[in-house]
Structure formats: C-alpha cells, structure tokens
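# Residue-level structural notes
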Amino acid sequence: MNLKASYRYANYLDSLLSIAYSYLHNREFITTTTQKHLRTKANNEAQDETLTVAKPCDVDFTPMDIINLTVKVLAEKQALADAIAQAKATAPLNIDNAISINKRKQEFVRVLSEMARMKATTQTVTGSDYKFNAEGNQTKYFYNIEETTTIDFDRNDVKALIKKYNGECDAISEKLDAAEINVTVAFEPKWDVNDVFEDIVLQA
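Described below are features of the structure shown in this document.

### Remarks on the overall build of the protein chain
Of the regular secondary structure elements, the protein chain holds six helices and four strands. Taking 204 residues into account, the globule formula puts the C-alpha radius of gyration at 17 Å, and the protein chain, at 34 Å, lies well above it. Considering the protein chain as a whole, with its 204 residues, one finds that 23% of them fall into the buried category. Intrachain contacts of the protein chain at a sequence separation of at least 6 include 72% that bridge at least 24 residues. Total accessible area computed for the protein chain in this model is approximately 14,500 Å², and 49% of it derives from carbon and sulfur atoms. Side chains of the protein chain give 24 positive and 30 negative charges; the mean places of these two sets differ by 4 Å.

### Things to note about a nonpolar patch on the surface
Taken together, the side chains of Met64, Ile67 and Val71 make up a nonpolar region of the molecular surface, amounting to roughly 270 Å² of accessible area. Note on placement: methionine 64 falls in helix 3 (residues 63-88).

### Points about the environment of arginine 104
Among the secondary structure elements, arginine 104 is positioned in helix 4 (residues 95-116). Through-space distance from the C-alpha of arginine 104 to that of asparagine 144 is 45 Å; in sequence the pair is 40 residues apart.

### Points about the pairing of strand 4 (residues 138-149)
Sheet topology note: the strand 3 (residues 121-132)/strand 4 ladder contains 12 bridges and is antiparallel. Paired with tyrosine 130 across the two strands is lysine 140, which belongs to strand 4. Taken together, strand 3 and the strand that follows it, strand 4, pair antiparallel across an intervening segment of five residues, in which glycine 136 is found at a positive phi of about 85°.

### Remarks on the nonpolar core
Here is a general trend for soluble globular proteins: nonpolar side chains tend to be buried in one another's company. Counting residues in hydrophobic clusters, the biggest one holds 31 residues, and the most contacted among them are Leu13, Leu16, Ile66, Trp191 and Phe197. Among the elements of the structure, helix 1 (3-24), helix 3, helix 4, helix 5 (155-182) and helix 6 (197-200) are those that each provide at least two residues to this core. It is helix 1 that contributes the most residues to this core, nine residues altogether. Contacts of tryptophan 191, omitting those with residues within four sequence positions, involve Tyr9, Tyr12, Leu13, Leu16, Leu69, Lys72, Val73, Glu76 and Ile200. Counting six residues, the second-largest nonpolar core is a separate cluster that includes Ala116, Val158, Ile162 and Tyr165.

What counts and what doesn't
- Residues numbered from 1 in each chain as written.
- Predicted model: local features only at pLDDT ≥ 70, side-chain atom pairs only at ≥ 80, totals over all residues.
- Heavy atoms only, no water.
- Helix = DSSP H or I, 4+ residues; strand = E, 2+ residues; numbered from the N terminus.
- Rg over C-alpha atoms; globule rule 2.2 N^0.38 Å.
- Buried < 20%, exposed > 50% of the residue type's maximum accessible area, 1.4 Å probe, protein only.
- Contact = heavy atoms within 4.5 Å.
- Areas by Shrake-Rupley, 256 points an atom, 1.4 Å probe, with all protein chains shown as cover.
- Lys, Arg positive; Asp, Glu negative; His and termini not counted.
- Charge placed at Lys NZ, Arg CZ, Asp CG, Glu CD.
- Patch = residues over 30% accessible without salt bridge, like charges linked within 9 Å, V, L, I, M, F, W, Y side chains within 5 Å.
- Salt bridge = Lys/Arg side-chain N within 4 Å of Asp/Glu carboxyl O.
- Pairing = 2+ DSSP bridges.
- Core = buried A, V, L, I, M, F, W, Y, C linked by side-chain atoms within 4.5 Å.

Following this line, the structure appears as structure tokens:
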C-alpha cells in the first residue's frame, strides 16, 4: 500500500477502537443482572422466579470477544505505525517536518491576510467636559472628536510575504501529495477498511 492508503487504514483502526471502547464503557453490556422475584413471601400461592435482565443490545459477541479484538487492533496499529515510519524514511523529504512547518506558515499567512484587509479609518466620536456657566455653576458640555486610525505597517510588504509563503506552502503540499502516492509502505493489512466491526469481532 502507499502512504495515502496507510493513513486511511490507520483511521479505520481508530474507528474500530472507538466502537470497541463504546461497548466496553457500557456497564449494561459488560455485566449480567439477574432478578429473584420472591413472590411467595407476599403470596404463598405464587411461585418464586429468577429472571435475567435483557441486555441493551442484541449481539452475538461477548465483552471478551471485543477485548480480544482490541488487543489485535492495537498490535495492528503498532505494526502499521512502524511500517509508516520506515516508509517515511525513504521519502524525498522529511514528511513530518514538512507538514509541521507548512502548518506554521499557513497560520502566519492567515494573520498577515487579516492585517492586509485593514485600512486607515476616520470617524467622529463624541467627547465631554465641564465648564462654568454665567451663574458660576459647573455644567457638562459635549463636542466632536475627529479620530483617525492608521496602519503601522507596510501593506505591500505584508502582501509580498503572503504571496511568498503561499507559494512555498503550495510547493511543499505538491511534494507531500506525491509522497502519499509514490512512497510504498511495506505492510499487509489484516482487515479491509470496508469490513464492519460486528463482522470482524467474532473472527478475533
């Protein structure tokens, strides 16, 4: 399989684990409750009865079946991770580093893009102060304030950096896409990504 397929398979294994844990977190699924109906103590003409409370889901597998499958899925995930690491070592670029730095550059581009959209603004706001009137009393009065906000950076420099980093990110993304297709992962999957959890749990 190539890297792209290995990533898809890794996601599939994660989904299997998620389903398994949802069953194992369900107290009613991993336990059995019995009820003893002691009717004779209240009615000597009745009969006592022991009943098993129905589980919330009607399935053919047991908690131990799911535990056994989970052990195999974790082992499969470890083996896949090791195979992916070995495959990445053969790639023409350091894939993990390239992804990491691309994310940082894209974050910077988003910040710069927000700055590039800023414009100088002028607005009139209202101010207030106090003065003494003819009677000598202090009174409040209002007046206009012309407020101008300018940008403290070179918009052309910012736009040039956006173009530069977008170009670098696009170039790295193309190399990463090519690596996902062309880098071979030496791994034989135990299951098909289309296999359903309920079908494979009994095979564990």
